[in-house]
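# Descriptive analysis of the structure
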Amino acid sequence: MPSDTPTTPLHTVSGDLLVIAPRTGAPVRRASTNPYRRLLATPGARAFTTGNLIARLPMGMFSVSAVIMIAGTRGSYALAGAVTATGLAATAVVAPWTARLVDRYGQARIAVPATAIATLGSLALLLCVHYDAPAWTLFAAYAATATTPNTGGMSRARWAHLHRGDPAALHTANSFEQAADELCFMLGPALAALLCAALFPEAGTLIGTILLMTGALVFAAQRATEPPVAPRTRAGSPLRTRGMPALLATFLATGAVFGAMEVVTIAHAGGAILALQAGGSCVAGLLYGSLRPATDIRRRLLWCLAGMTTLMSLPLLAASASDSLLTLAGSLLLAGAATAPTMVTGMTLVQRLTHEGQLNEGMTLSVTALLGGIAAGSAAGGWMAEHTGAVTGYVVPVCAAGLALAVAAAGIRRT
C-alpha cells in the first residue's frame, strides 16, 4: 500500500562498519491552510459548537412560530404582533442582567436554569393558545422567555478565552459565529413555517423549545472550554467604557437596517426572497473570516459601514427601476454581503473595549441594541411601505445605514 512514511534505508557508519537501517516514524502531516478547520480543531470546540448551534436555531423560529400559532387560532395578526413585541421588549430589559449573572457565576450555573425558565414560558404560551386562555396570559407567558441566555455571546466568550492573544484565530471565530447567526436566522423561519403547516399550529414552538433546552444542556456540559469566572471587578458597567455608547448606537442603527429591510421586502415581494440576503451575508462572513484581521479595527468598521450603506441602496434602485423579482433577488444577495463583515468587525471591537470579566454582558448589550434597532426599523419600514409604497420603503434601510456610518465616524473613531 502507498504510504506517506519514507521507506528508503538510512545509511550510516559506526566505526569501520556500514550500518543500513530502515527509516521509521510517523508521516509528516502538513498543517491545514483552512482557517475554519484549524479553528474547529481546537480541543473541545466541536462539542460546544454543536450545542451552541442546536440552541441557536430556535432563535430564528420562535417569533415566526408565535405569529403563526396566535394568528391561526385567534385570527388576529395585531394580537400576534403585540405579543412578540412584548417579548422583544422584555428581552431588551432582562438579557443584560442574565449576561451579568453569567459573567459572575459561570455559563453552566446560569445558562441552564435561565433556559429552563424560558422553556416553561414557551410551553405556557403554547398551552394558553391551545386552550383559548385570556389574551393577557399570552403576554405574560411570552415575556417569561426573556430569560433565554445569549448563546451566541457565550460561544464568542469561549473563543475569546481559548484564543486570547491570537487576533487571527479570534477574527476567524467571530466570522464563524456571525455566519452561524445568519444560517440560523435563514433556516429557522422556514423550519418554523414548515412545522406549523405540516403538523399543527403549535408545532414550531414545541420543537423550538425542545431544541433550545437540548442545545443548552449540551453546551453547558462542555466544562473544559468554559471561561473561568473572573474575580469580581470594581469596573462599572460596559456602558461606561469610552467608545462603547457610540458603538452601541451604531448597533442600534444597524439593527434598524435589518428590521426595515425585512418588513419592506415582505411587503414588496414576500418573505421567501429574504433568504437570499441572509445567504449572501453568511457566505460573506465566511470569506471575511479567511482574511487577515485588521490592524486598525476602528477604521475597518468605518469601511464596512460605508460598504453597507452603498450596497443597501441596491434594492432601492432595483425596485425603482424594474418589477423583476430576479433583479431584486440579486440586489438583496449583494446587499447581504456587507452585513456580516460589519457585524464581525463590530463584535471584535466590543470584545476589545469590554473588560475580560464582562464579555457576556458587553456582547449581550450589543445584541440588545440590535434588537431595539430591529424593532424601530420594522416600525419605520412598515409605516413607509403602507403610506408611501413598498418601493419608497427601501429608503429606510439606506438612511439607517448612513446613520450608523455617521454615528461611528463621530463617536467610535475618536476613542
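What this report covers is the structure whose coordinates are included nearby. Here the structure is a predicted model, which is why all the values come from computation and not from measurement. Every chain begins its residue count from 1, and numbering advances along the sequence as written. Per-residue local features are limited, in this predicted model, to residues with pLDDT of at least 70; the limit for side-chain atom pairs, both in listing and counting, is 80 or more; totals at the level of whole chains, interfaces and linings are taken over all residues. Based on all heavy atoms of the structure, the side-chain values leave hydrogens and waters out of the count.

## Observations concerning the packing of helix H11 (residues 274–289) against helix H15 (residues 339–353)
Closest axis-to-axis distance for the H11/H15 pair is 7 Å, and the angle between their directions is 50°. Of the possible angle classes, the one that applies to H11 and H15 is oblique. As H11 packs across H15, the resulting crossing turns out to be right-handed. Counting all contacts with H11, which are made through Ser281, Ala284, Gly285 and Tyr288, the residues of H15 involved are Thr339, Ala340, Pro341, Val344 and Thr345. Residue type decides the class: Asp, Glu, Lys and Arg count as charged, Ala, Val, Leu, Ile, Met, Phe, Trp, Tyr, Cys and Pro as nonpolar, and the leftover types, Gly among them, as polar. For the contact of H11 with H15, the class distribution of residues is five nonpolar, four polar and no charged. Helix axes are fitted only over the stretch in contact, all axes being lines through C-alpha atoms; the angle between N-to-C directions runs from 0 to 180 degrees. Helix numbers and strand numbers start at the N terminus; a helix is a DSSP run of H or I with at least 4 residues, a strand a run of E with at least 2. Geometric relationships in this document are graded by angle, where less than 35 degrees denotes roughly parallel, more than 145 denotes roughly antiparallel, 65 to 115 denotes roughly perpendicular, and other angles denote oblique. We call a crossing left-handed when the near helix sits turned anticlockwise from the far one by less than a right angle, and right-handed when that turn is clockwise. The contact rule is simple, with two residues in contact once any of their heavy atoms fall within 4.5 Å.

## With respect to the nonpolar core
Generally speaking, soluble globular proteins have nonpolar side chains that are buried together. Each nonpolar core is a collection of buried residues, namely Ala, Val, Leu, Ile, Met, Phe, Trp, Tyr and Cys, held together in the definition by side-chain atoms within 4.5 Å. The buried label goes to any residue with under 20% of its type's maximum accessible area, the exposed label to any with over 50%, and the partly exposed label to all in between, with areas taken from a 1.4 Å probe on protein chains only. Core analysis: the biggest nonpolar cluster contains 54 residues, and Trp159, Leu247, Phe251, Met308, Met312 and Tyr394 have the highest contact counts within it. The greatest single-element share of this core, amounting to nine residues, is contributed by helix H10 (residues 244–269). With 17 residues, the next largest nonpolar core counts Val83, Val129, Leu138 and Leu212 among its residues.

## Description of the packing of aromatic side chains
Aromatic rings from Phe, Tyr and Trp, with only the six-membered ring used for Trp, were paired whenever their centres fell within 6.5 Å, and each pair was classed as stacked if the ring planes differed by under 30 degrees, edge-to-face if by over 60, and tilted otherwise. Throughout the structure, instances matching the rule amount to two aromatic pairs. Look at Phe48 and Phe219: their rings are 6.1 Å apart centre to centre, the planes differ by 85°, and that puts the pair in the edge-to-face class. Of this pair, Phe48 sits in helix H2 (residues 45–56) while Phe219 sits in helix H9 (residues 203–221); the two residues are 171 residues apart in sequence, bridging distant segments of the chain. When sorted by exposure, Phe48 lands in the same class as Phe219, which is buried.

## Concerning helix H4 (residues 77–105)
How far a helix is expected to stretch is found by multiplying one less than its residue total by 1.5 Å. End to end, H4 covers 40 Å across 29 residues, agreeing with the expected 42 Å (1.5 Å per residue, within 8%). A residue's bend is given by the angle between axes fitted to the 7 residues ending at it and the 7 residues starting at it. A bend of about 35° at Val94 is the largest found in H4, and the proline Pro96 appears one to four places after it. Positive backbone phi, approximately 105°, marks Gly106, located one or two places after H4.

## Concerning the pattern of salt bridges
When a carboxyl oxygen of Asp or Glu is within 4 Å of a side-chain nitrogen of Lys or Arg, the pair counts as a salt bridge. This model, assessed by the stated rule, comprises six salt bridges. With a shortest N-O distance of 2.6 Å, Arg56 and Asp181 are connected by a salt bridge. With Arg56 in helix H2 and Asp181 in helix H8 (residues 167–198), this pair connects stretches of sequence that are 125 residues apart. One salt bridge in this structure joins Asp181 and Arg156, with 3.2 Å as the shortest N-O distance.

## With respect to the packing of helix H5 (residues 107–130) against helix H6 (residues 135–143)
Where H5 meets H6, the closest approach of the two axes is 7 Å, and the angle between their N-to-C directions is 160°. In terms of orientation, H5 and H6 fall into the roughly antiparallel class. Every pair of crossing elements has a handedness; the one defined by H5 and H6 is left-handed. Side by side, H5 and H6 meet where Gly121, Ala124, Leu125, Cys128 and Val129 of the first sit next to Thr137, Leu138, Ala141 and Tyr142 of the second. Class assignment of the residues belonging to the contact of H5 with H6 gives a composition of seven nonpolar, two polar and no charged.

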